[in-house]
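As a plain string of letters, each chain reads:
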Amino acid sequence: MNRISLLVVHCSATPANRDIGVTEIRAMHKARGWRDIGYHYVIRRDGTLEKGRADTVMGAHVAGHNANSLGICLVGGVKPDMTAETNFTAEQYAALEQLLDTLAARHPAARICGHRDLSPDRNGNGKVEPGEWVKACPTFDVASWWTERKGAR
Ligand SMILES: [Zn+2]
């Protein structure tokens, strides 16, 4: 692993009523032929934080950025018809805030963002815009949310 310069928030793209965690996501990722779960952390629907890969091991969660990032997955993020929906629980946001506090203290230079923010900037204007998002993951603007949460404290 290189130095951690990105803390990347994802969603599992599963409906709100699916109460899954590391065990189930690890099984899904292994079924794709990966050697382990792609994420370093998973936050379950009830806010429980579960550990995926060790932080010292490169994850498999964001194309082109795995060598310098840690991946955090919020369980949820789609409607029953599998289209994107921001449906995370208050407990999940609280757990995410706490985790990011810890990780940001450990990696003070790291940028906190969502998976969609790392989509390629296709028109080269220096901004990754909604039309350029490869996926909606994690369905909300993580950087703005983080700034607001910190401002509220
Ligand atoms: Zn993602």
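Calculation notes
Residues numbered from 1 in each chain as written. Predicted model: local features only at pLDDT ≥ 70, side-chain atom pairs only at ≥ 80, totals over all residues. Heavy atoms only, no water. Helix = DSSP H or I, 4+ residues; strand = E, 2+ residues; numbered from the N terminus. Buried < 20%, exposed > 50% of the residue type's maximum accessible area, 1.4 Å probe, protein only. Salt bridge = Lys/Arg side-chain N within 4 Å of Asp/Glu carboxyl O. Core = buried A, V, L, I, M, F, W, Y, C linked by side-chain atoms within 4.5 Å. Contact = heavy atoms within 4.5 Å. Arc of directions from axis to C-beta. Polar contact = N/O pair within 3.5 Å; in protein donor to acceptor, adjacent residues only side chain to side chain. Pairing = 2+ DSSP bridges. Axes fitted to C-alpha atoms, helices over the stretch in contact; angles between N-to-C directions.

A. Just unusual backbone geometry, in detail. Look at the link from Cys-137 to Pro-138: it is a cis peptide, with omega at 0°. Backbone geometry places Met-82, a non-glycine residue, at a positive phi of 75°. With respect to the secondary-structure elements, Met-82 resides in the loop between strand E6 (77-78) and helix H2 (90-106). A positive phi angle is found at Thr-139, which is not glycine, with a value near 85°. Assignment of secondary structure puts Thr-139 in the loop between strand E7 (111-114) and helix H3 (142-151). Accessibility expressed as a relative area gives 13% for Thr-139, which makes it buried.

B. Spatial organisation of the pattern of salt bridges. The final tally for this structure, using the stated rule, is six salt bridges. With a closest N to O distance of 2.6 Å, Glu-97 and Arg-149 form a salt bridge. One end of the pair, Glu-97, is in helix H2; the other, Arg-149, is in helix H3, with 52 residues separating them in the sequence. When its relative accessible area of 11% is taken as the criterion, Glu-97 is described as buried. Accessibility expressed as a relative area gives 26% for Arg-149, which makes it partly exposed.

C. Representation of the nonpolar core. Leu-7, Ile-72, Leu-96, Leu-100 and Phe-140 are the most contacted members of the largest nonpolar core, which has 23 residues in total. Elements with a minimum of two residues in this core: strand E1 (6-11), strand E3 (41-43), strand E5 (69-74), H2 and H3. A per-element tally of this core places H2 first, with six residues. If sequence neighbours within four positions are ignored, Leu-96 has contacts with Val-9, Ile-43, Ile-72, Leu-74, Phe-140 and Trp-145. Core analysis: the next-biggest nonpolar cluster, separate from the first, contains eight residues, Ile-20, Val-22, Ile-25 and Tyr-39 among them.

D. Local environment of H3. Regarding H3, the residues found buried are Val-142, Trp-145 and Trp-146. Around the axis of H3, the buried residues are gathered within 100° of arc, so they sit on the same side. Facing away from the buried side of H3 by more than 90 degrees, the exposed set consists of Thr-147, Glu-148 and Gly-151. The secondary structure elements touched by the buried residues of H3 are E1, H2 and E7. Near the N-terminus of H3, the side chain that reaches the backbone nitrogen of Ala-143, with its oxygen 3.4 Å away, is that of Asp-141.

E. The arrangement of the sheet that holds E5 in detail. A sheet is described by the order of its strands in space; here five strands give the open sequence E4-E3-E5-E1-E7, paired in mixed fashion. The open sheet has two free edges, formed respectively by strand E4 (49-51) and E7, since each of these has just one partner strand. Between one strand and the next, the sheet's axes are offset by a mean angle of 25°, whatever the strand orientation. The pairing of E1 with E5 spans six bridges and is parallel. Residue pairing across strands places Leu-6 opposite Ser-69, the latter belonging to E5. In the packing of H3 onto the sheet, contacts are made with E1 and E7, and the angle to E7 comes to roughly 125°.

Note that every value here comes from positions in space, so none of it alone points to a role or purpose.
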